[in-house]
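Chain and residue survey
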Amino acid sequence: MNSSSSTVRPAPPTGERSRVGLREIPLPPYVTAEDAQFAVRAVVVHAPRRWSGGTVCRNDASPHPCRLHRWGTRVLALRGLHDADIAALIERGDPAAPLPPRPPRPERREEP
């Protein structure tokens, strides 16, 4: 190989990464009521929609589940909601829907 030759690779367009997916949105250290309400909005607004090419995000047509839907589902699961509870929120379709009551924590038993 000649030392004067070099390989030139085109740079990806500004603002884009080539073939690198976006990272997951980080979870809050603990889930507040405000976080949970944002999560309800995320799962409702970014709900699945059947399309000719498959299931896409209703909000931005990216492949479902999109980042915000995954984040919202994880936050609501941390808050104690089950898959059926989250599905009911999505079915209701109200991004400002109140959260179902938190499931009671199991009582700690002291060993004698």
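Not measured: the values here are computed from a predicted model.

This part takes up unusual backbone geometry. Looking along the chain, the bond that leaves H64 and enters P65 is cis, with omega of 0°. You can see P65 is positioned in the loop between β2 (54-57) and α2 (67-78).

Take the pairing of strand β1 (residues 48-51) next. Here β1 pairs with β2 via four bridges, running antiparallel. Within the sheet, the bridge partner assigned to R50 lies in β2 and is T55.

Turning to the nonpolar core, a few remarks are in order. Counting 15 residues, the largest nonpolar core has V40, L76 and L89 as the members making the most contacts within it. Residue assignment for this core shows that the elements contributing at least two residues are α1 (33-45), α2 and α3 (83-92). Considering each element in turn, this core owes the most residues, six residues, to α1. Not counting residues within four places of it along the chain, the set of residues in contact with L89 comprises V40, V44, L76, L81, D94, A97 and P98.

Here the focus is α1. Taking 1.5 Å per residue, 13 residues should reach 18 Å; α1 reaches 18 Å between its end C-alpha atoms and fits that length. Of all the residues in α1, the buried ones are D35, A36, A39, V40, A42, V43 and V44. For α1, the secondary structure elements touched by its buried residues are α2 and α3.

What counts, and where the lines are drawn
- Residues numbered from 1 in each chain as written.
- Predicted model: local features only at pLDDT ≥ 70, side-chain atom pairs only at ≥ 80, totals over all residues.
- Heavy atoms only, no water.
- Helix = DSSP H or I, 4+ residues; strand = E, 2+ residues; numbered from the N terminus.
- Pairing = 2+ DSSP bridges.
- Core = buried A, V, L, I, M, F, W, Y, C linked by side-chain atoms within 4.5 Å.
- Buried < 20%, exposed > 50% of the residue type's maximum accessible area, 1.4 Å probe, protein only.
- Contact = heavy atoms within 4.5 Å.
- Expected span 1.5 Å × (residues − 1).

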